[in-house]
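# Structural overview for review
The chain contents come next:
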Amino acid sequence: MSAAVTEADQTTSTENTGPREGAFGNAVALACRECSHRVDLGPFYACPECFGPLEIAYEFPAITRAEIEAGPRNIWRYKALLPVPTDIEASPNTEPGFTRLLEAKNLAAELGLARLWVKDDSTNPTNSFKDRVVACALSAARELDAKVFACPSTGNLANAVAAAGARAGIKTVVFIPSNLEQPKQVNSAIFTESLVAVDGNYDDVNKLASEIAGEEEGWAFVNVNVRPYYAEGSKTLGYEIAEQLGWRLPDQIVIPVASGSQLTKVDKAFQELIKLGLVEDKPYRIFGAQAEGCGPVATAFKAGTDAIRPVKPDTIAKSLAIGNPADGIYVLDIARRTGGAVEEVTDDEVRAGIVLLARTEGIFTETAGGTTVAVTRKLVETGQLDPELETVVINTGHGLKTLDAISGQVGAAATIAPTYESFKATGIA
Ligand SMILES: Cc1ncc(COP(=O)(O)O)c(C=O)c1O
């Protein structure tokens, strides 16, 4: 599987070793997000005409809410809207999705919002939303006959790829920056023997992965050469929010941004649901959340420019530490089109966001969620979020993966002798 994209490749892929009939469900082609040029479905991610990013184009059948609701309680209930085969449930996968949407009354009161929900994706199989995208990428890797399942990652993706590959019985190789949080490294190493820590930041790791994808045959890098299939998995987060709200779109939604893929796919999901007549067409506002130590999209948004200047990340929010975000330009476009914004917060605010969500809703989020909660607070304080409108924030990952970021913020245990007097002396009772 080569990452290079030429017309010759496309012909070869469809005539000789093309995917089996129905391998990608209702997906019909790959379409360029810049110039709309179409190519056949295959392991391609860049437009052969203009080098813009390719994404999946579909011909959807009529589909009803009842048909979706009759499906399994995981992302495959939406399989008709994904580039996966109709018998997708037959193959071993990690079956993520249908995570809880919790009404967060305590947090709403704290932030001064009328109605607020937390979409809690920390309960996915490897405790982040990345299990969604990886499940779709795994299906594509199988259909494209990949021998190795791989990724460059800021941590969560590596965990999800390693776990899904283990369950599917396919060799996995995951690449991470060497300064990654230890729990995220262990969470990958437990599933794969091939965890590669690269002496550099995520953007260096990504560059290396693209080079390997171009050199090695049979490697499916989930977020490089099968990125169009992978990215579609993030739509399920948007579908679920609408379904769990009773087939309604929220008024406002706050989403963390690293590459920006997840944010753009939630917008795509909402648009598809409207077009399919599954939800009422109504305005919604999408907000992006970044940390100041890696906020290139927030910086560009505030400057009112489309020119996203790459940065060298320096933040505790390592899962969001992508200095040169592939989908940043589309995030800007969506934030502007929907009347949203992209905002950033300091590392101290990220830590405070983690504690706030834990103390108000009993949800332990990682630094990405802390960033999202802190940005939500800032958006309310600066009048960018309307406090009267219904708001959803996404918790994308679990706090046990980033314990170091927060352990200094919470009080130590009161160590006492095993006597009632000692306990009384603590002043807790
Ligand atoms: C926990 C968490 N939240 C959010 C993101 C951002 O996702 P995206 O790259 O799609 O913007 C990541 C990316 O790795 C992540 O790990």
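You'll find the structure just up there.
Residues numbered from 1 in each chain as written. Predicted model: local features only at pLDDT ≥ 70, side-chain atom pairs only at ≥ 80, totals over all residues. Heavy atoms only, no water.

Time to look at the sheet that holds strand β10 (residues 252-256). Ordered by their spatial adjacency, six strands build an open sheet running β4-β5-β13-β10-β11-β12, and the pairing between neighbours is mixed. The two strands at the open ends of the sheet, each matched to only one other strand, are β4 (101-103) and β12 (341-345). On average, each strand axis in the sheet is tilted by 25 degrees relative to the strand beside it, whichever way the strands run. Examined bridge by bridge, β10 and strand β11 (residues 285-291) share five bridges and lie parallel to one another. Among the inter-strand pairings, Val254 is bridged to a residue of β11, identified as Phe287. Against the sheet, helix α9 (residues 235-244) makes contact with β4, β5 (115-120), β10 and β13 (390-395), and its axis sits at roughly 135 degrees relative to β5, the strand it touches most. (Pairing = 2+ DSSP bridges. Helix = DSSP H or I, 4+ residues; strand = E, 2+ residues; numbered from the N terminus. Axes fitted to C-alpha atoms, helices over the stretch in contact; angles between N-to-C directions. Contact = heavy atoms within 4.5 Å.)

So, about the sheet that holds strand β3 (residues 54-58). Within the open sheet, the three strands sit side by side as β2-β1-β3. Their pairing is antiparallel. Every interior strand has two partners, whereas the edge strands, β2 (38-39) and β3, have only one. Pairing of strand β1 (residues 27-32) with β3 involves five bridges; the strand directions are antiparallel. Of the residues in β3, the one forming a bridge with Cys32 is Leu54.

Glancing now at the pattern of salt bridges. This structure, assessed with the given rule, holds 32 salt bridges. In this structure, Lys282 and Asp251 form a salt bridge, with 2.6 Å as the shortest nitrogen-oxygen distance. With a gap of 31 residues between them, Lys282 in the loop between α10 (261-275) and β11 and Asp251 in the loop between α9 and β10 connect regions that are remote in the sequence. Classification of Asp251 as buried rests on a relative accessible area of 17%. Each of Arg33, Glu55, Arg227, Glu232, Lys235, Lys265, Lys268, Glu272 and Asp327 takes part in one network of salt bridges that share partners. (Salt bridge = Lys/Arg side-chain N within 4 Å of Asp/Glu carboxyl O. Buried < 20%, exposed > 50% of the residue type's maximum accessible area, 1.4 Å probe, protein only.)

What is shown is where atoms sit, not what they do.
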